[in-house]
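Fold and contact review
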Amino acid sequence: MEFFKAVFLGGLLTGIFSLVVGSTGTKAGWLAIHTIHAGQYDVLWSWPLFFAMTGMAWGLMMLQR
């Protein structure tokens, strides 16, 4: 159950961090922040950052058990 909570939290943290860093126009090196076109909106996203944030959130939740 912790994994599903971690995926949500990892997505939220990735969205916030990508928005803050990507709004300056940088690709952020290995984070590879790119723009995804979702309908009429542009969303900044990074898959490596998503996996890192999800792993971090999952580890923190497992430590709290």
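Before going into details, it helps to say that this report is about the structure given with it. (Residues numbered from 1 in each chain as written. Predicted model: local features only at pLDDT ≥ 70, side-chain atom pairs only at ≥ 80, totals over all residues. Heavy atoms only, no water.)

1. Comments concerning the environment of Thr35
Within the element layout of this structure, Thr35 appears in strand β1 (residues 34-38). Along the sequence, Thr35 and Leu19 sit 16 residues apart, while their C-alpha atoms lie 10.0 Å from each other. If we skip the residues at most four places from it in the chain, Thr35 touches Asp42, Val43 and Leu44. (Helix = DSSP H or I, 4+ residues; strand = E, 2+ residues; numbered from the N terminus. Contact = heavy atoms within 4.5 Å.)

2. Points about the nonpolar core
Within the largest apolar cluster, six residues are counted, these being Val21, Leu31, Ile33, Leu44, Leu49 and Met53. Dropping the residues within four chain positions of it, Leu31 is found in contact with Phe17, Ser46, Pro48 and Leu49. (Core = buried A, V, L, I, M, F, W, Y, C linked by side-chain atoms within 4.5 Å. Buried < 20%, exposed > 50% of the residue type's maximum accessible area, 1.4 Å probe, protein only.)

3. Describing the packing of aromatic side chains
Applying the stated rule across the entire model yields seven aromatic pairs. Note on Trp45 and Trp47: the rings are 5.7 Å apart at their centroids and 75° apart in plane angle, and the pair reads as edge-to-face. Trp45 sits in the buried class, given a relative accessible area of 15%. Members of the aromatic cluster, joined through ring pairs, are Trp45, Trp47, Phe50 and Phe51. (Phe/Tyr/Trp six-rings, centres within 6.5 Å; stacked < 30°, edge-to-face > 60°.)

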